[in-house]
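Observations on chain architecture
Now for the letters of each chain:
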Amino acid sequence: MKDLDDDTIKALENRILSDEKCRRILVWSAGGATRYFLSVISPKFKGRMIGIVDSDEKLDGRKMDGLTISSPAKADFSSARAIVITSEVFHNEIRKQIKGISAFGGETIDLFDERLNRLGIDKWLEQTNSYVKKNGLRPILFNGEDALLLTQNDTLFCFERTMQNNQIVLDILASGQYEKRETDFVLSRLGEGKVMLDIGANVGWFAIHAAKRYPGMRIHAFEPAPATYGTLVKNIRYNQVEKQVSAHQLAVSDKEGSVEFTSTLDTGNHIGKDAEGATVRVPCTGLDAFAAKHNLSRVDFIKCDIEGYELMMLLGAAKLIERHHPILMLEINEAWTHRAGYKPQDIPALLAKEGYEMLALDESGSLAPHSFGSDKEMLERNYVFVHKGRKTK
């Protein structure tokens, strides 16, 4: 997907050049967006740049238009006064990484937000759909109520006007899929008659794909954010998997009751308060209590992405894990675990006591043993934990 248009870049350039304080700029992308960005900006703007950040470590140390490309682990964030994000598809993921960089205290400028604010949501949808059709990607369908994104395997996902920052939606727009490596792995470990718990289901990507692949499966999808939960319910209905997928508007932790939960951070919503987002009070459960209430006789797989509160989910599922030994796929991010009050290493340490081995998915989707290094290691990815009594493929 073309990340930006020339008018957006020029409008941003004029705004930045009018501010003498906005100097020493890093440009951060993932893919080819930065090259296009550099071809449009003026030499004067380029003169304020001190480097390029790219998530592809293979580009570390290379040059682009005289500027050095650095991976996030090696970039000089302490010298930067501003970071310009040029990737539309990955802008949310990049913003999350920037929030976790303590050495950077400057301004984050997101060109996706600049474009959206300039065009408005209706024009943005029109422009994006025109590009999608032109490049042979799956189109946006309009049914009078919602815009629907059609994935590569003919699954429908609702795109609501309040969800233009949703990373899952953006990835579907760009490629027709989301987290392909993780999706393929999850589906390879499921099957007819199995039970999956999708914690932090968001709009239902994993839950709905599992239900469509295995009609005899049972999936419980947990999503506490009110607006996102509403979209999850719609997506379940659009894909006609209501008999397999049950949606629960519940936060998952190690306690019962209710918790404060952010409601305006899209895929970044989490338990607790955040300076960037509004909060709502939502009901909360532990998985042991949930399993008892719903008489779950088996749990085969738990996928959990709840922005740093994965440890609390595990503590609230101690009996379930001991009894069923489900495969676990957990997203672990050092900045998020710090926010929740623990270290990433605490998760594999806890699970090792229950007989679990920590594994990582490589680029081919194969599993390999993994362990965390020092506290300074940058950690952000999905990790798999398999009980030693289970076979790993």
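Note that the structure is a prediction, hence the values are computed from the model and not measured. (Residues numbered from 1 in each chain as written. Predicted model: local features only at pLDDT ≥ 70, side-chain atom pairs only at ≥ 80, totals over all residues. Heavy atoms only, no water.)

On to helix H2 (residues 33-40). Where H2 is concerned, the buried positions are Ala33, Thr34, Phe37, Leu38 and Val40. Along H2, the residues classed as buried sweep out an arc of 160° about the axis, all on the same side. Facing away from the buried surface of H2 by more than 90 degrees, the exposed residues are Arg35 and Ser39. (Buried < 20%, exposed > 50% of the residue type's maximum accessible area, 1.4 Å probe, protein only. Helix = DSSP H or I, 4+ residues; strand = E, 2+ residues; numbered from the N terminus. Arc of directions from axis to C-beta.)

A few words on the packing of aromatic side chains. The tally for this structure, following the rule as stated, stands at six aromatic pairs. Plain terms: the ring middles of Phe37 and Phe45 are 5.8 Å apart, the flat faces sit at 80° to each other, and that makes the pair edge-to-face. A relative accessible area of 0% places Phe37 in the buried class. Ring centres of Phe222 and Phe290 lie 4.8 Å apart, and the angle between their planes is 65°; on these two criteria the pair is classed as edge-to-face. Linking Phe222 in strand S11 (residues 218-222) with Phe290 in helix H11 (residues 287-293), this pair joins segments that are 68 residues apart in sequence. When its relative accessible area of 3% is taken as the criterion, Phe290 is described as buried. Between the NZ or CZ atom of Arg237 and the centre of the ring of Tyr238, over which it lies, the distance is 5.2 Å. (Phe/Tyr/Trp six-rings, centres within 6.5 Å; stacked < 30°, edge-to-face > 60°. Lys NZ or Arg CZ within 6 Å of the ring centre and 35° of its normal.)

For helix H10 (residues 226-238), spanning 13 residues, the distance from its first C-alpha to its last is 19 Å, which sits close to the expected 18 Å at 1.5 Å a residue. Taken together, the buried positions of H10 are occupied by Thr228, Thr231, Leu232, Lys234, Asn235, Ile236 and Tyr238. On its buried face, H10 is in contact with strand S8 (147-150), strand S9 (156-159), helix H9 (205-213), S11 and strand S12 (245-248). Among the residues trailing H10, Gln240 stands out with phi positive, at a value near 55°. (Expected span 1.5 Å × (residues − 1). Contact = heavy atoms within 4.5 Å.)

A separate point is the packing of helix H8 (residues 180-189) against H9. Look at H8 against H9: their axes get within 10 Å of each other, and the N-to-C directions meet at 45°. When the axis of H8 is compared with that of H9, the two are oblique. Two packed elements cross with a definite hand, and for H8 against H9 that hand is right-handed. Residues Glu182, Thr183, Val186 and Leu187 of H8 form the contact with H9, whose participating residues are Trp205, Phe206, His209, Ala210 and Arg213. Grouping the constituent residues of the contact of H8 with H9 by class yields five nonpolar, two polar and two charged. (Axes fitted to C-alpha atoms, helices over the stretch in contact; angles between N-to-C directions. Parallel < 35°, antiparallel > 145°, perpendicular 65-115°, else oblique. Left-handed = near helix turned anticlockwise from the far one by under 90°. Nonpolar A, V, L, I, M, F, W, Y, C, P; charged D, E, K, R; others polar.)

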